[in-house]
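Structural description and commentary
If you want the building blocks of each chain, they are given just below.
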Amino acid sequence: MTDWEAVIGLEIHVQLATQTKMFCSCSPVFGDEPNTHTCPVCLGLPGALPVANAQAVHLGLMIGLALGCSLASQSVFHRKNYFYADSPKGYQISQFDQPLCGPGNLAGVRIHRVHLEDDAAKLIHASESGRIAGADSSTVDFNRAGTPLAEIVTEPDLHSAAQAREWLALLRTTLRTLGVSDVSMDEGSLRCDANISLRRVGDQTLGTKTELKNMNSFRFVERGIEAEIIRQRELLDSGQTVTQETLHFDPRSGSLTTLRSKEEAHDYRYFPEPDLLPVEVTEAMIASARDALPELPIERAARYVSELQIDDVLAERLAGDAELAEFFDAVVEAADKSIEARVLATWVSDDAAGRAGEDGLLASKLEPAALAELVALVDDGSITTAAGRTVLDQLFEVGGSPTAIVSDQGLGKVDGGDELEAAVDAAIAAEPEAAEKVRAGEQKALGPLVGVVMKHTSGRADGGEVRKLLLERLGS
Amino acid sequence: MSNDPTALTAASSAALVESGDLDASDLFEAWRGRAELDTFGALSWIAEAGDSPEQVDGPLGGVPLAVKDLFCTEGVPSQSGSKILEGYKPPYTASVVAALAKSGAPLLCKTHQDEFAMGSSNENCAFGPVLNPWDKSRVPGGSSGGSAVAVAAGLAPWALGTDTGGSIRQPAALCGIVGLKPTYGSVSRYGMIAFASSLDQAGPLTQDVTDAALLFSQMTARDPRDATSVGHQESIHLPDRKDLTGVRLGVPEELSGEGIEPGVRATFEETLERARELGAEVVPCPLPHAPHALSAYYLIAPAECSSNLARFDGVRYGQRVDPGDGLDAMYSATRAAGFGPEVRRRIMLGTYALSSGYYDAYYGRAQRVRTLIQRDFDEAFANCDAIVTPTSPSVAFPLGSRTADPLSMYLSDFCTVPMSLAGIPAISIPNGMSEGLPTGFQIAGPAFAENSILGIAHALESSIQFDRSGARV
Amino acid sequence: MLDRSEVIHIARLARLNLDEGEIERTAIELSGILDHVERISELDLEGIEPTAHAVATRGELRPDIEGASLSRDQALAEAPVTDGVGFIVPSPGA
C-alpha cells in the first residue's frame, strides 16, 4: 500500500467592507431587493467606464501587510474575458501578472499573491433545488455585481483537510481583526476553493490536481477536501490516474461531481485593462495601510505568552478568536493587577465563552469589568469557584454587578459555622456507605460526601474546609 | 444680417445670439428645418419641435449640435449603427454631450455611423449607407460619416464625432469640412459606446477651424467617471493666426508618397507651397515605423473591441434571439444576428489575437510597435512644430467599390492611424478638389498642442479659401 | 493559414454562430488580414516595452463615497426578458 501525501492549496475570495463597489459608487449591500443597487457601470451598459475604489486598494494593502506580502510599486488591472449570465461586461476586471501583493506567509503557509477584482452578479435558478440542473431559466440580480473582492492564493503548503480548515479559520480571524471584511461564509463574503493533489511521500514533484469550488462553510471545506483526497487515493491505488478537472462537493450526499473538464477550461484572453491606468502604490499609501493595522492574532498570541504568562495553547485559543480576544483584553484592562492574567484567561475561555450563546460574548449582558470583579471575589476567597459560576450565570441572564448578586443571594463563602456543621451532618447521614469507607481510611470516598455538602450549601462551601470537617467528624 | 441663420458658421450664430440679434429658439427651429432635408441617410433621429431648450447659457450660444449615434443620450435612441442596439434608449447621457449642452449647444439630431465605429465608408451602418453630398454615388467616409454629411450638406451647424483610427478626419476630408481628433484623454469617454478603448476620442466636425476650436474648447475636462481622461493642460482659444512665420512643418515620406492618389498628391503639394508663402519652413521628417502602424492598429483595435463588445449578449438590453437551447446558444444566435459582417470579422480577429498562445505574437507585439511609433513622433517633434500629410490617400470612392476586400478598406486609413496610436492631436482641413471631389490636409502636433495646430490650420484655411457650397443641400 | 477548426474554435470563444459558408469565408478573410498584419514580426522589438496607454501613465483612484444608483425600473427598462424583479436568461446548463 502506497503512502500518499495530500498537497492542498487554497484560493480564497474576500468581499471587502467598503462603502462603494470596486469600480462604481453603488453601495455593495447584501440581501436587499434584487437590482436596486446598480448603475450603468456595474450593469455593464454601453458606454460605461470603471474607476477604481481607493479604499479597496487601501484594504488590499492592509491584507498584504498582515500576510507579510511584498507590495507592488505599480499594480495593473487586466480583463479576464468569459461569457456567463453573471458577468455583465463579458469580462471580469481582475489582475494578472502585476497583482497588488506578492509572496507572503501566514503561520507557515506561504501566500502566493493577493489581488483585487470585481465580483459577479447572482443567479437565482428557477428550479426546486435552487441549483443549475433542472432549471429552464435563471433570474439575474446585479446587486452583487461589482462588489470589491480580494483574492488570496496560497502555495500548496497544506497537507490535510483538518489543517486546511484550521488555517482557513486563522485567516478568517486575521481578516476579521483587520476589519477589512465581514468574512461570513454564510453571506458569501468569504468563499473558498481548494486545489488538491496527491503524491507519494518523499516525492518532490506534484501530482495532477483537481479544483474544488464553491464550498460555503468551514465544515464543508473540510469534508469536501477529505472526500476528494479519498477519491484520489482510491483512484491511484487502483492504478488509475487523476484527471485535471473542476469539481463540486455536495455536502448532503457527500459526492463529488464534475463541473468542468480541462478541455473545456476557459481561455481568458487576459490583456491590460485599457480603461484603467496602472495603480501607483506610493510610500504614503503603504504607510497609511500600515498605520491602520491592528494587532494581529499571531502577534496577540505571542504577546499573551510573553507578557501575560499565559500558556501557548490557551493563548492561541484566545487570540484565534477575534471576539474572545477583544473581550479578554477588556477584562485584563479592568482587573486589578494583583490578579494573574492566566486566571482571567481561564475564566474567559472556559466559563464565559461557553455561556455566550449565538450572539457572542461582546453582545451579551456580561460586562468585561463585571467578570474582572467576579474573578477578584473568587481570588480573595469571598466566594467559592462553584458559587462564582452561579454568579456568572446570573450575569449572563441579567447583567449587573457580581458583588451585588453575591450579597442579594447570600452566595458568600461558607467556611465554617452552624450552616456548614449542619450540612456535614446531613451528608454523613445521606451517604452511610461512603462514610464507612472514610472511617476505614479510604479518603477517596470523600467525593460523594463533599458533593452532598456542596448541594446543601449551593456550592458556597469552601472545598478544603469541607474535607477537613468531614475527616474530623469521621475520625481518620 | 442674413435672413437665413443656417447659412452662418456656428461661431457667427453664437455671436448674434449673444448680441441679441438672433433668438436661440428661432435658431434651433431653423436648424430643425434643415435637418429634415436629409436625403443622404445621414440622420437617425431629429429633435421634435418642442425640444428646443427653454434657456440657453454659455459660450456656444444655443447653436444646436448633431451627435454621432454612439454617444449615449438619455431617452433618445443610441444605437452605434447596429441592429443589436436598435431602438436602445440609455438611462444616462454621455459626459461630453451633457457638457456641451450645458455650454449652450443643445441636441439637434443623432447621426448614422459605421456599426460600432468600425469602418471607413459608412457602408457598415446597419440602417443603410450614408451618401456623400458632393456625389451621392460615393461614400462620405467613416465611421463618423453621418456627422460629416450633416455639416457638409448644411443639415446641422456642427457635429460631434469619434476618431479611433481616422473616423473624424477621414470623413471630414472626403466631405470637404474640418475635423479634429484631440489628444487622447483630453475629452471624456464616459457614455461613448466603446470600440477600442485606448484609441477612441470624441472630437468636433465643423464648417471651419474657428468653429472647431470653439466647440473643442467646451469639450475638454478631467471627468471623474473616466479614469483615462486627464483634461487639457491649456485653455483652448479661438485661433487668429494669419501667417506661418517661424513654423516648421515636417513631411513624412512614408505617409505622403507611395499610395497617395495623384490628385490628392497635387493638392497636398499646393498646400505646402501656400505654407511656404505664409512663411513656413517645410522639411522632410521621417517616421520610420509608420508603415507598420496599420498592422499594429488592426491588431490592437480588434482585440479591444472583441472584449468591449462581449457585453452585447441579449441579457440586459438590445436584441435577443433565443433558439431555446440554453444560454450559450442564445448568446451565439443573438450576436450572429445582431452584428454585421465587419463587426463579426473584427471580433474574430481580436479574439484570435488575444487567444492562448497567440498573445505575444500579435497583441503583445502590436503594443510594442506602438511604442516605436510614439518614439518616432517624439523625435520628429524635436525638429518640427507639426507634421503634415494628406488626410486620406484618395478622394471619396464609389459605394461598394471596396466592400469585397476588407483589407483594401483598411489600407485607406494609413495616413491617420499613426497619430491615433501615438495619442497625439490631428486636424484635417479641406485644401482643394480632385476629380470634382474634396481633398483633405492633415496637421498633427505633439500631445496637448491643439492651440498650435488650430493656429496653423487657421492660417492655411484663410489662404486656401475652400468653397464648400457645392455640398449644401 | 487559419484552418476550419481554428475558425470554429474562435467563433465559439466569441459566441458567434457561423454557418458553413461563413466559416470558409472567414478563414480566407482573416488569413488575408493576418498575412498583412504579421509584417510586424519582421521588426526587431528587443528591449521595447509595450505601450498600453498612449498619454497618461498613472491613474487616479476614486474616493469611497456612495453615489446614486438607478431605480430598479430604470435598470430593467431595456431588458429583453424580465419579471419586473430581475433579468431572465435561459439556463446555463442546457
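Residues numbered from 1 in each chain as written. Chains lettered and ligands numbered in written order. Predicted model: local features only at pLDDT ≥ 70, side-chain atom pairs only at ≥ 80, totals over all residues. Heavy atoms only, no water.

In this section: the overall build of chain B. When you go through chain B residue by residue, the secondary structure sums to 14 helices and eleven strands. In summary, chain B has a C-alpha radius of gyration of 21 Å against a globular reference of 23 Å for 473 residues, a match within 12%. Evaluated residue by residue, chain B yields a buried proportion of 69% over its 473 residues. Excluding contacts between residues fewer than 6 apart, the proportion of contacts in chain B whose partners are at least 24 apart in sequence is 76%. Placing the 34 positive and 54 negative side-chain charges of chain B at their respective mean positions leaves the two points 5 Å apart. (Helix = DSSP H or I, 4+ residues; strand = E, 2+ residues; numbered from the N terminus. Rg over C-alpha atoms; globule rule 2.2 N^0.38 Å. Buried < 20%, exposed > 50% of the residue type's maximum accessible area, 1.4 Å probe, protein only. Contact = heavy atoms within 4.5 Å. Lys, Arg positive; Asp, Glu negative; His and termini not counted. Charge placed at Lys NZ, Arg CZ, Asp CG, Glu CD.)

This part is about the domain arrangement of chain B. Residues and elements named next belong to chain B. What the domain assignment reports for chain B is domain 1 (5–238 + 450–471) and domain 2 (290–369). Measuring from the centre of the C-alpha atoms in domain 1 to the corresponding centre in domain 2 gives 27 Å. Listed as interface residues are 20 residues of domain 1 and, on the opposing side, 20 residues of domain 2. Between domain 1 and domain 2, the buried area comes to about 1600 Å², and carbon and sulfur atoms account for 64% of it. (Domains from an automatic or database assignment. Buried area = accessible area lost by both parts, 1.4 Å probe.)

Moving on, we get to the pairing of strand E5 (residues 178–181) of chain B. All names here are of chain B. Residue alternation in E5 divides its side chains into two sets, Val-178 and Leu-180 and Gly-179 and Lys-181, and both sets are buried. Two elements, E5 and strand E6 (residues 201–206), share two bridges in a ladder whose sense is antiparallel. Across the sheet, residue Gly-179 finds its bridge partner in E6, namely Leu-205. Bridge count for E5 against strand E10 (residues 426–434) is three bridges, and the pairing is antiparallel. Bridging from a neighbouring strand, Gly-179 pairs with Ser-428 of E10. (Pairing = 2+ DSSP bridges.)

Another aspect to go through is unusual backbone geometry. Cis geometry is found at the peptide bond from Gly142(B) to Ser143(B), where omega equals 10°. With respect to the element layout, Ser143(B) can be found in the loop between strand E3 (107–111) and helix H4 (145–152). The phi dihedral of Ala107(A) falls on the positive side, at around 50°, and the residue is not glycine. Structurally, the position occupied by Ala107(A) is in the loop between strand E5 (104–106) and strand E6 (109–118). The phi dihedral of Arg15(C) falls on the positive side, at around 55°, and the residue is not glycine. Considering the arrangement of structural elements, one finds Arg15(C) in the loop between helix H1 (4–13) and helix H2 (20–37).

In terms of nonpolar packing, the biggest core is built from 193 residues, with Phe71(B), Phe116(B), Ile429(B), Ile443(B) and Leu460(B) touching the most fellow members. Counting residues per element, this core draws most heavily on helix H8 (residues 293–308) of chain B, which supplies ten residues. Grouped together as the second largest cluster of nonpolar side chains are 66 residues, Ile12(A), Leu158(A), Leu168(A) and Leu296(A) included. (Core = buried A, V, L, I, M, F, W, Y, C linked by side-chain atoms within 4.5 Å.)

With that settled, the discussion passes to the interface of chain C and chain A. On the side of chain A, 49 residues touch chain C, which itself brings 31 residues to the contact. Here chain C packs against chain A, burying approximately 3100 Å² in sum over the two surfaces, 58% of which is carbon and sulfur. The shortest N-O distance in the salt bridge between Arg72(C) and Glu33(A) comes to 3.3 Å. For the pair chain C and chain A, the number of links is 19 residue pairs in polar contact (both at pLDDT 80 or more). Only helix H3 (72–76) and strand E1 (87–90) of chain C provide two or more residues apiece to the side of chain C that touches chain A. Broken down by element, the residue count for the side of chain C that touches chain A peaks at four residues, all from E1(C). Grouping the amino acids of the side of chain C that touches chain A by side-chain chemistry returns 15 nonpolar, eight polar and eight charged. (Salt bridge = Lys/Arg side-chain N within 4 Å of Asp/Glu carboxyl O. Polar contact = N/O pair within 3.5 Å; in protein donor to acceptor, adjacent residues only side chain to side chain. Nonpolar A, V, L, I, M, F, W, Y, C, P; charged D, E, K, R; others polar.)

Let us now look at H4(B). Residues and elements named next belong to chain B. Most of H4 sits out of view: eight of its eight residues are buried. For H4, the full list of buried residues reads Gly-145, Gly-146, Ser-147, Ala-148, Val-149, Ala-150, Val-151 and Ala-152. Looking at the buried side of H4, the elements it contacts are strand E1 (43–46), strand E2 (65–68), E3, strand E4 (158–163), helix H5 (169–175) and E6. Just downstream of H4, Gly-154 is the residue with a positive phi angle, here 70°.

This part is about the interface of chain C and chain B. The partner chain B presents 62 residues to the 49 residues of chain C that form the contact. Around 4900 Å² of area is buried between chain C and chain B when both sides are counted, 67% of it from carbon and sulfur atoms. Summed over the shared surface of chain C and chain B, the number is four salt bridges. Residue Arg15(C) is joined to Asp328(B) by a salt bridge in which the shortest nitrogen-to-oxygen separation is 3.0 Å. Our count for the chain C to chain B interface comes out at 20 residue pairs in polar contact (both at pLDDT 80 or more).

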